[in-house]
Amino acid sequence: MTHDLTHELSVSDRFGEFRLLFRMPLAKVEELTDILISRGYIKVPRSHRFQAEFRERSKLLVMAAMYRLGNGNS
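Summary of the structure given here. Note that the structure is predicted; figures quoted are calculated from it, not measured.

Tallied over the entire structure, the rule returns 4 salt bridges. One salt bridge connects Arg57 with Glu53, and the closest N-O pair in it is separated by 3.2 Å. Here Arg57 and its partner Glu53 are both found in helix H4 (residues 51-70), 4 residues apart, which amounts to about one turn of the helix.

We now examine H4. With 20 residues, H4 extends 29 Å from end C-alpha to end C-alpha; this agrees with the ideal 28 Å at 1.5 Å per step. Restricting attention to buried positions, one finds in H4 the residues Phe54, Ser58, Lys59, Val62, Met63 and Met66. End-on view of H4: buried residues confined to an arc of 160°, all on one side of the axis. Across from the buried face of H4, at angles greater than 90 degrees, the exposed residues are Ala52, Arg57, Leu60 and Leu61. Looking one or two places after H4, you find Gly72, whose phi comes out positive at around 75°.

With 13 residues, helix H3 (residues 26-38) ought to run about 18 Å at 1.5 Å a step, and its terminal C-alpha atoms sit 18 Å apart, in line with that. If you check which residues of H3 are buried, you get Leu26, Val29, Glu30, Thr33 and Ile37. Axial view of H3: buried residues confined to an arc of 100°, hence all on one face. Positioned one or two residues after H3, Gly40 has a phi angle of 90°, which is positive.

What counts and what doesn't
- Residues numbered from 1 in each chain as written.
- Predicted model: local features only at pLDDT ≥ 70, side-chain atom pairs only at ≥ 80, totals over all residues.
- Heavy atoms only, no water.
- Salt bridge = Lys/Arg side-chain N within 4 Å of Asp/Glu carboxyl O.
- Helix = DSSP H or I, 4+ residues; strand = E, 2+ residues; numbered from the N terminus.
- Expected span 1.5 Å × (residues − 1).
- Buried < 20%, exposed > 50% of the residue type's maximum accessible area, 1.4 Å probe, protein only.
- Arc of directions from axis to C-beta.

Have a look at this one:
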C-alpha cells in the first residue's frame, strides 16, 4: 500500500517532497535500479533468505545515492 501511494505521489506532484528529495519519480528510480542490477553494479545475493528483500534494499540504495547527489552532498 505504501509503495503504491508513493508511486502516485511521485508522479502526480511534480513539485512534491519526493521529487524534491530524489529529483525523479519512483518509476524512474525502479528503472535505474533494474539497469544497475542487470549490469552487475549491484550484486544479487546468493542466499535465498535475502532474495525477497533484495529489490527493496536496492531501491533504497539508489534513492540514497540520488538524494546525496541531488543535494550536493559528497
